[in-house]
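# An overview of the molecular structure
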Amino acid sequence: MKPTSHAFSDNARRALNDATLQQALAKAGVGFVDKRRATLSELPEFDALREAGRAIKDHTLANLDHYLLRFEEQVAASGGQVRWAETPEQACAAVLDICRKAGARIVAKGKSMVGEEIAVNDALEAAGLDVVETDLGEYIIQVAHEPPSHIIAPAVHKTRAQIARLFEDLHHQPGLTRPLETVPQIVDEARQVLREKFLAADVGITGANFIIAETGSTVIVTNEGNGDLSATLPRVHIVLASIEKVVPNLEDASVLLRLLARSATGQEITSYTTFFTGPRRGNDADGPEQFHVVLVDNGRSRMLGGAYHEMLRCIRCGACLNHCPVYSAVGGHAYGWVYPGPMGAVLTPLMVGLDEGRPLPNASTLCGRCEEVCPMSIPLPTLLREHRSPGIFARIAAATQPLGAGCLGLLCAAAAALPLGNAPGHQAAQPIERRPWPLPQPALCAGLDRRARPAGAAGRHLHGPAAAEEAAMSDSRAAILGRISQALGHAARADAPDVMQRVSGHAHGPQPQWAEADRERFLAKLVKVAGTHAGITSRRRICRSACASRRIHCWPISCGRKAGRWNRAAPGATTGSASQWPSAASPRPAVSCCCRGPRARPA
């Protein structure tokens, strides 16, 4: 995607005059905000969860190199492979190399903002591969040849009538649902078209909401199940993940998952929360033959320890977009790149360059709603002011330089009338050509950002050129880890086992307890979906040992007609401890398998 952030003013003006877009944004924005408010009203411990989530991310970022190395070791131990990419070009080259070695022709791709960030679709299509987006929103914007306008709802700018017309013009297959007058009819037609793509795909690509250092697992959170099919049916599974997505262990992932679903879609938990660990093993019923993880840096290692360090806590929930008055008025396309809204206004200048993204930090009222609703407590207004400061000083210089030059001219004229030996007059005149204008930034900007800088921030400025030795390094893995270690001030891998031990001992703070009312609501919804323990009948019985050995392990879901499997290694539903989940000897509720239909758990 070619950035157009420099034209934000023109993009915003067109968006404000687009009546159809305004109608779609008004309907979507209210839905996201109301659902989040209703869900949080039933979770009194949300603030405690938020503090715990922030502590987990801060601890992980402070030991980022250790956890990335541990994740790499665990992926290799499970039969997978990790590739490191400093730039989008390197990431696309790694994905293309895997596809070529697999002899791929068709690629089924799940939703991935990192994939949008590196433009992996363009790279694969340029190489002659057929890439099909399998998320409904991503599929809509792919066939419409548009970029996403929201990080969790890519086609939120489209109305139902627009989507129906798009499908009617595009799909010309017999047996499709017609006419497309309702949402279920639109969804059913997309399902029929995409089903054959799942079956024919040679490679599946997914993103990752989190990657877990303790187990080498990757986690995706979806409401459609397309991510599971993209990862399970093809022979090769490729995961695209940015380096800050790593978390220490399953317990930490459970805390962040509870924050993510509520902040993003207003759900207690999404329909599918899936953990992938390595390729298919000998006794697995399904799964890919190869499992690859491509870790993408793209400037993130340079953010560590600097002015924008806190932005790395972002879990891509989209809450700041939904509550931003500017985004609600102009939509995502006006921002001109992958990440819109307040979080995009901070990230885009860092990733595509300050010259391209310069207008975005000014696309904010600084009302503070984004910081208020952020589950990671990221000080977005402060970071936007940090971006604004270079532009502020440029405008100050343009406005005050003529006046200053005139005053200094009068001073020099007065000095010329003084005796030549008068030092003050000459000292006043000398700095005119030597002194930089405007004055150094800290002298004028000291009050803008009073936050304590993380260790290693001194002397680092994100907009400066990269060090020559970093640019010359050809090994992406060594370069990324080297920058991280330098920013954090310790040697990579030196005390990785100790770090893991400290995390297991909750060095980052105590885990919040799941309120009893929250637990009861979850179990009640599960029973409502699956039926009573004894009442449900099985169309296809699967023994416990076979189900437990499967590669995909879904959490029981809490909405809709779908349900997932118990994850034997998942974090605890009661206290965040894996030991609290039902064991093999304990009674389990009847659930509905996400791929095989309703079934009863045998005793």
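Residues numbered from 1 in each chain as written. Predicted model: local features only at pLDDT ≥ 70, side-chain atom pairs only at ≥ 80, totals over all residues. Heavy atoms only, no water.

## With respect to the pairing of strand S10 (residues 290-296)
Note the following rule: Note on exposure labels: buried denotes an accessible area under 20% of the residue type's maximum, exposed denotes more than 50%, and partly exposed covers the range between, all computed with a 1.4 Å probe on protein chains only. A run of H or I in DSSP becomes a helix once it reaches four residues, and a run of E becomes a strand once it reaches two; helices and strands are each numbered from the N terminus. The pairing criterion for strands is at least two bridges between them, as found by DSSP.
In terms of residue burial, S10 counts as a mostly covered element, since six of its seven residues are buried. The pairing of strand S1 (residues 81-85) with S10 spans five bridges and is parallel. When the bridges of S10 are listed, Gln81 appears paired with His292.

## Observations concerning the environment of Thr218
As a reminder, the rule being used: Pairs of residues are marked as contacts when any of their non-hydrogen atoms sit within 4.5 Å.
Within the secondary structure, Thr218 sits in strand S6 (residues 217-222). The contact partners of Thr218, leaving out residues within four places of it in the chain, are Phe71, Ala208, Phe210, Ile211, Val239, Thr274, Phe275, Phe276, Phe291 and Val293.

## Quick look at the packing of aromatic side chains
For any pair of aromatic rings, the description rests on two quantities: the centre-to-centre distance and the angle between the ring planes. The condition is simple: Within 6.5 Å between ring centres, the rings of Phe, Tyr and Trp (the latter by its six-membered ring) count as paired, and their orientation is classed by plane angle as stacked under 30 degrees, edge-to-face over 60, tilted in between. Whether a charge sits over a ring comes down to the Lys NZ or Arg CZ being within 6 Å of the ring centre and within 35 degrees of the ring normal.
Applying the stated criterion to the full structure yields four aromatic pairs. Plain terms: the ring middles of Trp337 and Tyr339 are 5.8 Å apart, the flat faces sit at 75 degrees to each other, and that makes the pair edge-to-face. Residue Tyr339 is classed as buried on the basis of its relative accessible area, which comes to 0%. Positioned over the ring face of Tyr339 is Arg316, at 5.0 Å from the centre of the ring.

## Here's the deal with the confidence of the model for the chain
The cut-off we apply is this: Every residue gets a pLDDT, meaning the predictor's confidence in that residue, from 0 to 100.
For the chain, per-residue confidence averages 75 on the pLDDT scale, and residues scoring 70 or more make up 66% of the total. Here residues 493-498 is modelled with pLDDT under 50, and outside its nearest four sequence neighbours on either side it reaches seven contacts, counting other chains as well. Between residues 526-603, whose pLDDT stays under 50, and residues either more than four places distant or in other chains, the model counts 188 contacts.

## Focus on the sheet that holds S10
So the rule is basically this: To obtain an axis, a line is fitted to C-alpha atoms, over the contacting stretch when the element is a helix, and the angle between two such axes runs from 0 to 180 degrees between their N-to-C directions.
Reading across from one edge, S1-S10-S7-S4-S2-S3 is the order of the six strands in this open sheet, with parallel pairing throughout. This sheet does not close on itself; its edge strands, each paired only once, are S1 and strand S3 (130-133). Averaged over all pairs of adjacent strands, the angle between strand axes in this sheet comes to 20 degrees, irrespective of strand direction. Of the strands in this sheet, S1 and S10 touch helix H4 (residues 64-77), which is tilted by about 145 degrees from S1.

## Digging into the environment of Asp188
Cut-off, in case you're wondering: In protein, a polar contact requires one atom able to donate a hydrogen and another able to accept it; more generally it is a pair of N or O atoms within 3.5 Å, and residues adjacent in sequence count only if both atoms are side-chain atoms.
You can see Asp188 is positioned in helix H10 (residues 183-200). Here the side chain of Asp188 touches Gln192 through a polar contact of 2.8 Å, side chain to side chain.

## A short note on helix H1 (residues 8-16)
For clarity, the threshold we go by: What the arc measures is the spread of directions leading from the helix axis to the C-beta atoms.
Among the residues of H1, those classed as buried are Phe8, Asn11, Ala12 and Ala15. Down the axis of H1, the sector holding all buried residues measures 95 degrees, keeping them to one side.

## A look at the packing of H4 against helix H24 (residues 476-488)
Worth spelling out the cut-off: Residues were grouped as follows: Ala, Val, Leu, Ile, Met, Phe, Trp, Tyr, Cys and Pro as nonpolar; Asp, Glu, Lys and Arg as charged; and all remaining residues, including Gly, as polar.
It is at 9 Å that the axes of H4 and H24 come closest, and there the two elements cross at 145 degrees. Of the residues in H24, those in contact with Leu64, Asp65, Leu68, Leu69 and Glu72 of H4 are Arg477, Leu481, Ile484, Ser485 and Leu488. The class makeup of the residues in the contact of H4 with H24 is six nonpolar, one polar and three charged.

## Overview of unusual backbone geometry
Glycine aside, residues mostly have negative phi angles, and peptide bonds mostly take the trans form. In the Ramachandran plot, Arg316 falls in the positive-phi region, its phi being about 60 degrees despite a non-glycine side chain. With respect to the secondary-structure elements, Arg316 resides in the loop between helix H13 (300-303) and helix H14 (319-322). Judged by relative accessible area, which is 11%, Arg316 ranks as buried. Positive phi, close to 55 degrees, is recorded for Ser377, a residue that is not glycine. Its location among the elements puts Ser377 in the loop between helix H18 (369-373) and helix H19 (380-416). Exposure remark for Ser377: the relative accessible area of 10% places this residue in the buried category.

## A short note on a nonpolar patch on the surface
Rules: Every patch collects residues that have over 30% relative accessible area and no salt bridge, joining them within 9 Å if they carry like charges and within 5 Å if they are nonpolar side chains (Val, Leu, Ile, Met, Phe, Trp, Tyr). Computed with the Shrake-Rupley method and a 1.4 Å probe, the accessible areas treat only the protein chains shown as cover for residues. The term salt bridge refers to a side-chain nitrogen of Lys or Arg lying within 4 Å of a carboxyl oxygen of Asp or Glu.
On the surface, Leu199, Leu229 and Leu233 cluster together into a nonpolar patch covering about 290 Å² of accessible area. Judged by its relative accessible area of 66%, Leu199 is exposed.

## With respect to the pattern of salt bridges
According to the stated counting rule, one finds 22 salt bridges in the structure shown. In this structure, the salt-bridge partner of Glu117 is Arg300, at a minimum N-O distance of 2.9 Å. In this pair, Glu117 sits in helix H6 (residues 113-118) while Arg300 sits in helix H13, placing the two residues 183 residues apart along the sequence. The burial state of Glu117 is the same as that of Arg300; both residues are buried. Arg281 is paired through a salt bridge with Asp284; the nearest N and O atoms lie 3.7 Å apart. Residue Arg281 is classed as partly exposed on the basis of its relative accessible area of 36%. On the basis of relative accessible area, Asp284 is assigned to the buried category, the value being 8%.

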